[in-house]
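Observations on chain architecture
Take a look at the letters that make up each chain.
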Amino acid sequence: MKSIIIAILCFLCAIVNAQSKYDTISFSNVLLNNKALYTEFKYLRNIINDKDNRAKVYPSNDINIPFKELGETEILYSIFSDNIVYNYSGSEPNNVYITYIKPNSYFKVKIGGNLLKKNTNISLLKKLYPNSYKSYITDKNNNFRLIVRKDNKYAFLDLIFKNSCFQELYLVSE
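These remarks concern the structure in this document.

**Some thoughts on the side chain of Glu74**
Within the secondary structure, Glu74 sits in the loop between strand S5 (54-59) and strand S6 (75-80). A polar atom in the side chain of Glu74 sits 2.9 Å from the backbone nitrogen of Gly71. Among the polar contacts listed, one links the side chain of Glu74 to the side chain of Ser91, at a separation of 2.6 Å. With residues up to four places along the chain from it excluded, the contact list for Glu74 reads Tyr58, Pro59, Ser60, Ser89 and Ser91.

The following block contains the structure:
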């Protein structure tokens, strides 16, 4: 029992430390084409090119999708293309979990109501997310990182910039 309490305290300390280093946003404030990153496949169907996709199948214990709890025996399908990666489980094939986006004319990313197009300058985010900006500028090895909160769970949203211009987004577990 004592070890469980210590583990919980360590986890809470890690969250507090990350929250002082990065800014926190709600998962509902991260959108692709005005839809949540966890959405129905029908919203992607018309904008993805099936010919350019690659797929891989994973048992649920081999992959971690932020905010999604999978059963031990569940199968997860990952679909990869040049501009998007999404996942879905065999038990919910119509619901997709987007974990990577490279914006283009078909994939429009909004964070906190701000449209991030390919080559959007990082200065747009400087005032909105000062802690994350400071961490990014202080250590160029870091990505521009935001903490994403959904209910009582957390994940990271890594924004990749090249020459101060937005290139891609990753949603990753803690």
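**Details of the pairing of strand S12 (residues 153-162)**
Among the ten residues that make up S12, seven are buried, leaving the element largely enclosed by the rest of the structure. In terms of strand pairing, strand S11 (residues 144-150) meets S12 through seven bridges, oriented antiparallel. The residue of S12 that forms the bridge with Lys150 is Lys153. Where S12 folds back on strand S13 (residues 165-173), the antiparallel hairpin that results is connected by two residues, among which Asn163 adopts a positive phi of roughly 55 degrees.

**Some words on the nonpolar core**
Counting residues in hydrophobic clusters, the biggest one holds 38 residues, and the most contacted among them are Leu37, Leu44, Tyr86, Ile111, Phe144, Leu157 and Leu159. Those residues in contact with Phe144 that sit more than four places away from it in its chain are Ile122, Leu125, Tyr129, Ser132, Tyr133, Tyr136, Leu157, Asp158, Leu159 and Phe161.

Calculation notes
- Residues numbered from 1 in each chain as written.
- Predicted model: local features only at pLDDT ≥ 70, side-chain atom pairs only at ≥ 80, totals over all residues.
- Heavy atoms only, no water.
- Helix = DSSP H or I, 4+ residues; strand = E, 2+ residues; numbered from the N terminus.
- Polar contact = N/O pair within 3.5 Å; in protein donor to acceptor, adjacent residues only side chain to side chain.
- Contact = heavy atoms within 4.5 Å.
- Buried < 20%, exposed > 50% of the residue type's maximum accessible area, 1.4 Å probe, protein only.
- Pairing = 2+ DSSP bridges.
- Core = buried A, V, L, I, M, F, W, Y, C linked by side-chain atoms within 4.5 Å.

Shape descriptors only; they carry no functional weight alone.
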